[in-house]
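Geometric and topological summary
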Amino acid sequence: MSEYIELEGYIEYDPDRKDMKRRTEYWCVLQLPNDLVRYYQYFVRKEKHIQLEMPAWGAHVSIIRGEKPDAEHIHLWKKYHRQKIKIKFKPYITEVKDRKKGGSFYIINFESPDLVEIRRELGLPIYPQFHITIGRTYYD
């Protein structure tokens, strides 16, 4: 039986994403320690014999991806800026094939009532599951 791992990160709204060309506003992420991604990349390298790059934006969880809240909810934007949030996950790495570009993403899925609540308060669609991207096998 695998135990949950608990980890703390902080909420950041509209983080600087220098290389992103479109949809650069209305992003909200949970920033996590980069060592988390490096640690799990080790296991992917050992098992699959492939090299993964760090995610372009470091270790994070995307909570809101360029979705502007409506007029009724916009006043809540940045309500949780820099607030610390704990997440719990089981360390199962999942491979997700990218049919458009080829290659694969390696992720760890988890649920978080706190992250769901951020979306709910802003009137955005609710997604019960989030993920941490460990890496992918290609980069543009």
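How each quantity is defined
Residues numbered from 1 in each chain as written. Predicted model: local features only at pLDDT ≥ 70, side-chain atom pairs only at ≥ 80, totals over all residues. Heavy atoms only, no water. Helix = DSSP H or I, 4+ residues; strand = E, 2+ residues; numbered from the N terminus. Rg over C-alpha atoms; globule rule 2.2 N^0.38 Å. Buried < 20%, exposed > 50% of the residue type's maximum accessible area, 1.4 Å probe, protein only. Contact = heavy atoms within 4.5 Å. Areas by Shrake-Rupley, 256 points an atom, 1.4 Å probe, with all protein chains shown as cover. Lys, Arg positive; Asp, Glu negative; His and termini not counted. Charge placed at Lys NZ, Arg CZ, Asp CG, Glu CD. Expected span 1.5 Å × (residues − 1). pLDDT = per-residue confidence, 0-100. Pairing = 2+ DSSP bridges. Axes fitted to C-alpha atoms, helices over the stretch in contact; angles between N-to-C directions. Polar contact = N/O pair within 3.5 Å; in protein donor to acceptor, adjacent residues only side chain to side chain.

**Focus: the overall build of the protein chain**
In terms of helices and strands, the protein chain carries 2 helices and 7 strands. Along the protein chain, helices (α) and strands (β) appear in the sequence β-β-α-β-β-β-β-α-β when read from the amino end. Here the C-alpha atoms of the protein chain give a radius of gyration of 16 Å, agreeing with the 14 Å that 2.2 N^0.38 yields for 140 residues. Oriented by its inertia axes, the alpha-carbon framework of the protein chain measures out at about 50 × 40 × 25 Å. Out of the 140 residues in the protein chain, the part that is buried amounts to 41%. Long-range contacts, defined as pairs at least 24 residues apart, comprise 68% of the intrachain contacts of the protein chain with a sequence gap of at least 6. Accessible area for the protein chain stands at about 8900 Å²; split by element, carbon and sulfur atoms hold 48% of it. Considering the protein chain, the positive charge centre built from 25 side chains and the negative charge centre built from 21 side chains are found 4 Å apart.

**A few points about helix H1 (residues 34-48)**
With 15 residues, H1 extends 21 Å from end C-alpha to end C-alpha; this agrees with the ideal 21 Å at 1.5 Å per step. After H1 finishes, the residue histidine 49 shows a positive phi value of roughly 60 degrees.

**Let's talk about the confidence of the model for the protein chain**
Model confidence for the protein chain is summarised by a mean pLDDT of 90, while 91% of its residues fall at 70 or above. For the protein chain, strand S5 (residues 94-97) is the element with the lowest average pLDDT, namely 93, and helix H2 (residues 113-121) is the one with the highest, namely 97.

**Regarding the sheet that holds strand S6 (residues 104-110)**
Sheet architecture is open: 3 strands sit in the order S5-S6-S7, paired in antiparallel fashion. Two strands in the sheet have a free side with no partner beyond their single neighbour: S5 and strand S7 (130-136). Each adjacent strand pair in this sheet contributes to an overall mean axis angle of 40 degrees, direction not counted. Strand direction decides the pairing type here: S5 and S6, joined by 4 bridges, are antiparallel. Note that in S6 the partner of threonine 94 across the bridge is isoleucine 107. Those strands touched by H1 are S5, S6 and S7, and its axis lies near 60 degrees from that of S7.

**Observations regarding the environment of glycine 58**
Summarising the element assignment, glycine 58 is placed in the loop between H1 and strand S3 (60-65). Since its relative accessible area comes to 12%, glycine 58 is described here as buried. Considered as a pair, glycine 58 and glutamate 72 are 14 residues apart in the sequence and their alpha carbons are 32 Å apart.

**A short note on the side chain of serine 104**
For serine 104, the location among the structural elements is in strand S6. Exposure remark for serine 104: the relative accessible area of 4% places this residue in the buried category. Side chain to side chain, serine 104 and glutamate 95 meet in a polar contact 2.7 Å long.

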